[in-house]
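# Coordinate inspection notes
Here's the letter readout for the chains.
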Amino acid sequence: MSATATSNRLQEAVLEAAAYLYVWALKDIPQDLRDALADAAERETSVAGQRVLSTILKNVQVAEDESNLVCQDTGIAVYTCRVGEHFPLHPARIYEALRDGTARATLEHPLRSNAVHTITRENTGPNIGHRLPIVHWEFVPDWGGLDVKCVPKGSGSENMSFLKMCIPADGVKGIKQFVLESIVGAGGKPCPPGIVGVGIGGSADYAMYLAKEAIARPVGTRNPDPEVGKLEEELFTLLNETGIGPMGLGGDVTVLQCHVEHADTHMTLNPVAVNYQCWAARRASAHVAADGTIEFDREA
Ligand code: SF4
């Protein structure tokens, strides 16, 4: 097969994977999230909170039984790509495939199209537009595959994103205080209980990227750095002591988890970013081999 034919075939495979992932993520949430919601329902003692959690669990089941969406907000499609050094399709073509797959899923399902021009607010097409979908890239040496993760992000939770350039002297105490203030300020707006993603270090833009990466991890996984893992545990406890509760109606369960990602930073910087992911923490992944074979993985 010629290089062009191989490339076209692979581009179609990535397009198919993206189209499937976007819809699948919206309908069938991962098992770790189902378990976290069931566990939250057991832990919650407030009557209003229990009602909210039992409605959420019923909602998840109805979506599964009727092959329907877990929430009407189909979000914006955010993809994370891990591209192997030897994967025989250029990232420019991978991006085209992700964009076309997002459009195909939106038109064929059909899904609500949320994409608008940020000034005119005019719709820009089937969940695509200038720099939409959003794609984050990671390049992996000595590997020939491609991993694609789709995380549709609803606006209710994305609107509850916060950044503070703390000073280094604020230390961990300053980080905790900012995360706590952000979540208390957000109250019931991001459809709690969800996953609080925290990005620390790097630069302002990278801290927010890390916060987004944090919400896309399987629920309850711990950062391998023991200092960061300890911070995750402490924040998880602190945030659940706020009493905000499910949907902000009061209760024991305000967050399902708190995940923190970090990067080393400048000696005079201490950036802290918070990105909230609602209870409908949708994500789905696929592994695309160099020969175009696709393996789907809901739990990654
Ligand atoms: S924040 Fe999440 S659960 Fe709430 S409306 Fe948006 S997508 Fe749905």
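## Regarding the nonpolar core
Ranked by internal contacts, the top residues of the largest apolar core, which has 30 residues, are Tyr79, Ile94, Leu98 and Leu146. Residue assignment for this core shows that the elements contributing at least two residues are helix H1 (3-27), strand S1 (76-84), helix H4 (91-108), strand S3 (146-153) and strand S8 (284-288). Each residue touching leucine 98, except ones within four places of it in the same chain, is listed here: Val14, Ala18, Tyr79, Cys81, Pro133, Val135 and Val148.

## Some remarks on the sheet that holds strand S9 (residues 294-297)
Here 5 strands make up an open sheet; going across it, the order is S2-S1-S3-S8-S9 and the pairing mixed. The open sheet is flanked by strand S2 (134-140) and S9, the only strands paired with a single partner. Across this sheet, the average inter-strand angle for adjacent strands is 20°, counted without regard to direction. When S3 meets S8, the two strands line up antiparallel, connected through 5 bridges. The residue of S8 that forms the bridge with valine 148 is alanine 286.

## Some points on helix H6 (residues 171-186)
The end-to-end C-alpha separation of H6 is 23 Å, in line with the 22 Å expected for 16 residues at 1.5 Å each. Those residues of H6 lying buried are Gly174, Ile175, Phe178, Val179, Ser182, Ile183 and Ala186. Down the axis, H6 shows its buried residues gathered within 160° of arc, on one side only. Across H6 from its buried face, at more than 90 degrees, point the exposed residues Lys173 and Gly185. Against the buried residues of H6 lie strand S4 (161-166), strand S5 (194-201), helix H8 (226-240) and strand S7 (270-277). Glycine 187 occupies a position one or two residues after H6 and carries a positive phi of about 50°.

## Digging into the site of the ligand
Inspection of the region around the ligand gives Cys71, Gln72, Asp73, Gly154, Gly156, Ser157, Cys191, Cys278, Trp279 and Arg282 as its neighbouring residues. Counted by class, the shell around the ligand contains 4 nonpolar, 4 polar and 2 charged residues. For the shell around the ligand, the two domains that each supply at least three residues are domain 1 (3-27 + 70-153 + 282-297) and domain 2 (156-277).

## Remarks on the pattern of salt bridges
Applying the stated rule across the entire model yields 20 salt bridges. We note a salt bridge from arginine 283 to aspartate 32, for which the minimum N-O separation is 2.7 Å. Residue arginine 283 is found in the loop between S7 and S8, and its partner aspartate 32 is found in helix H2 (residues 31-43); the two are separated by 251 residues along the sequence. Judged on exposure class, the residue arginine 283 and its partner aspartate 32 are both buried. Glutamate 234 is the partner of lysine 230 in a salt bridge, and the nearest nitrogen-oxygen pair spans 3.8 Å. Linking lysine 230 with glutamate 234, this pair stays in helix H8, spanning 4 residues, or about one helical turn. In this structure glutamate 234 comes out as partly exposed when scored by relative accessible area, which is 30%. Each of Asp28, Arg34, Glu64, Arg298 and Glu299 takes part in a single network of salt bridges with overlapping partners.

## Looking at the packing of aromatic side chains
The description of an aromatic ring pair rests on the distance of the ring centres and on the angle between the ring planes. The final tally for this structure, using the stated rule, is 5 aromatic pairs. Ring centres 6.0 Å apart and planes at 80° place the aromatic pair tryptophan 24 and phenylalanine 296 in the edge-to-face group. Of this pair, tryptophan 24 sits in helix H1 while phenylalanine 296 sits in strand S9, placing them 272 residues apart in sequence. Its relative accessible area of 17% is what places tryptophan 24 among the buried residues. Since its relative accessible area comes to 35%, phenylalanine 296 is described here as partly exposed.

## A word on the environment of asparagine 114
Examined against the element boundaries, asparagine 114 turns out to sit in the loop between H4 and S2. Taking the C-alpha atoms as reference, asparagine 114 lies 16 Å from aspartate 100; in sequence the two are 14 residues apart. For asparagine 114, the residues in contact, after removing those within four places along its chain, are Asp73, Thr74, Gly75 and Asn127. Within polar-contact distance, the side chain of asparagine 114 engages the side chain of threonine 74 at 2.8 Å. A distance of 2.7 Å separates a polar atom in the side chain of asparagine 114 from the backbone oxygen of glycine 75.

Thresholds applied
Residues numbered from 1 in each chain as written. Predicted model: local features only at pLDDT ≥ 70, side-chain atom pairs only at ≥ 80, totals over all residues. Heavy atoms only, no water. Core = buried A, V, L, I, M, F, W, Y, C linked by side-chain atoms within 4.5 Å. Buried < 20%, exposed > 50% of the residue type's maximum accessible area, 1.4 Å probe, protein only. Helix = DSSP H or I, 4+ residues; strand = E, 2+ residues; numbered from the N terminus. Contact = heavy atoms within 4.5 Å. Pairing = 2+ DSSP bridges. Axes fitted to C-alpha atoms, helices over the stretch in contact; angles between N-to-C directions. Expected span 1.5 Å × (residues − 1). Arc of directions from axis to C-beta. Near = heavy atom within 4 Å. Nonpolar A, V, L, I, M, F, W, Y, C, P; charged D, E, K, R; others polar. Domains from an automatic or database assignment. Salt bridge = Lys/Arg side-chain N within 4 Å of Asp/Glu carboxyl O. Phe/Tyr/Trp six-rings, centres within 6.5 Å; stacked < 30°, edge-to-face > 60°. Polar contact = N/O pair within 3.5 Å; in protein donor to acceptor, adjacent residues only side chain to side chain.

That's the geometry; what it means functionally is another story.
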